[in-house]
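Structural features, examined
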Amino acid sequence: MSQLNIVIINGPNLNLLGKREPEIYGSTTFEDYFKQIKAAYPHIHFDYFQSNVEGELINAIQQFGFSHQGIILNAAAYTHTSVGIGDAVKAVPCRVVEVHISNTFSRESFRHQSYISPNAAGVILGFGLKGYELAVEALIDFKK
Ligand code: CA2
């Protein structure tokens, strides 16, 4: 079986994970979590990209979306506003799993809307950073 290539793409402010607002987003930095996830799945090739800039996220979805089998996407606040990111998800052939650390449905109503979900393979939310691992498991299952 060929190698599974997965990219994790994080949107705006997720570079602050573990540094600010631990009561909502936990106290682990994404860099530390990414090391853990790579160690847990040594047979999978992982890339990681984070940007606070909408167009850079679209470029990354286009770039990785044709070379990788899976994108794990937490577009953060752009989830609720970006038609452009939604269109990029629709345009690429690879599976996109949408992840949110918090349960967006238990928060403000503007977080209930997602431009990603209609074209995502699935959505995982509310399980903290564990959601990224659950997304990896889902992508492994899709590959079988
Ligand atoms: O729960 C999620 O993963 C979100 O995508 C996080 C976004 C929020 O706008 C979405 O509604 C739900 C916010 C990311 C901000 O991340 C921070 C991390 C640490 C400190 C401050 C912000």
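See the structure above.
Being a predicted model, the structure only gives us computed values, none of them experimental. (Residues numbered from 1 in each chain as written. Predicted model: local features only at pLDDT ≥ 70, side-chain atom pairs only at ≥ 80, totals over all residues. Heavy atoms only, no water.)

Side note on the sheet that holds strand β2 (residues 45-50)
To keep it simple, the criterion reads: By definition, two strands form a pair when at least two bridges between them are found by DSSP. Helix and strand definitions here come from DSSP, where helices need a minimum of 4 consecutive H or I residues and strands a minimum of 2 consecutive E residues; each element is numbered from the N-terminal end. Structural elements are reduced to axes, namely lines fitted to C-alpha atoms, with helices fitted over the stretch in contact, and the angle between N-to-C directions of any two is expressed from 0 to 180 degrees.
The sheet built from five strands is open, its strands ordered β2-β1-β3-β4-β5 with parallel pairing. The open sheet has two edge strands with one neighbour each: β2 and β5 (122-125). Neighbour to neighbour, the strand axes of the sheet diverge by 20 degrees on average, direction disregarded. Strand direction decides the pairing type here: strand β4 (residues 95-100) and β5, joined by four bridges, are parallel.

Some words on the environment of Ala77
This is how it is decided: Exposure is judged per residue with a 1.4 Å probe applied to protein chains only, and the accessible area is read against the type maximum: over 50% gives exposed, under 20% gives buried, and values in between give partly exposed.
On the secondary structure map, Ala77 appears in the loop between β3 (70-74) and α4 (83-91). Note on Ala77: relative accessible area 43%, which makes it partly exposed. For the pair Ala77 and Asn15, spaced 62 residues apart in sequence, the C-alpha separation works out to 13 Å.

Focus: the site of the ligand
Note the threshold: Nearness is judged by heavy atoms alone; a residue qualifies as near a molecule or strand once a single heavy atom is within 4 Å of it. Polar contacts here mean pairs of N or O atoms no more than 3.5 Å apart (in protein, one a potential hydrogen donor and the other a potential acceptor; neighbouring residues in sequence count only if both atoms are side-chain atoms). All accessibility values rest on the Shrake-Rupley procedure with a 1.4 Å probe; residue burial counts only the protein chains present in the view. Ten residue types, Ala, Val, Leu, Ile, Met, Phe, Trp, Tyr, Cys and Pro, are classed as nonpolar, four, Asp, Glu, Lys and Arg, as charged, and the remainder, Gly among them, as polar.
The local shell around the ligand holds 17 residues, among which Asn74, His80, Ile101, Ser102 and Arg111 are the closest. The contact in question runs from an oxygen atom of the ligand to an N or O atom on the backbone of Asn13, over 3.5 Å. For the ligand, whose free accessible area comes to 510 Å², the fraction covered by protein is 94%. For the shell around the ligand, the per-class residue count stands at eight nonpolar, six polar and three charged.

With respect to the packing of helix α3 (residues 54-65) against α4
Test applied: Orientation is classified from the angle alone, with under 35 degrees giving roughly parallel, over 145 giving roughly antiparallel, 65 to 115 giving roughly perpendicular, and any other angle giving oblique. In this description, contact between two residues means that some pair of their heavy atoms is separated by no more than 4.5 Å.
Across the interface, α3 lies against α4 with an axial gap of 9 Å and an inter-helix angle of 0 degrees. When the axis of α3 is compared with that of α4, the two are roughly parallel. Residues Glu54, Leu57, Ile58 and Ile61 of α3 lie in contact with α4, whose contacting residues are Gly84, Ile85, Ala88 and Val89.

Overview of helix α2 (residues 30-40)
Heads up, the condition is: This arc corresponds to the set of directions leading from the helix axis out to the C-beta atoms.
Listing the buried residues of α2 in full gives Phe30, Tyr33, Phe34 and Ile37. Along the axis of α2, the buried positions cluster into a sector of 105 degrees, meaning they face one direction only. Turned more than 90 degrees away from the buried face of α2, the exposed residues are Lys35 and Ala39. On its buried side, α2 packs onto β1 (5-10), β2 and α5 (130-143).

Read these as spatial facts, not as claims about activity.
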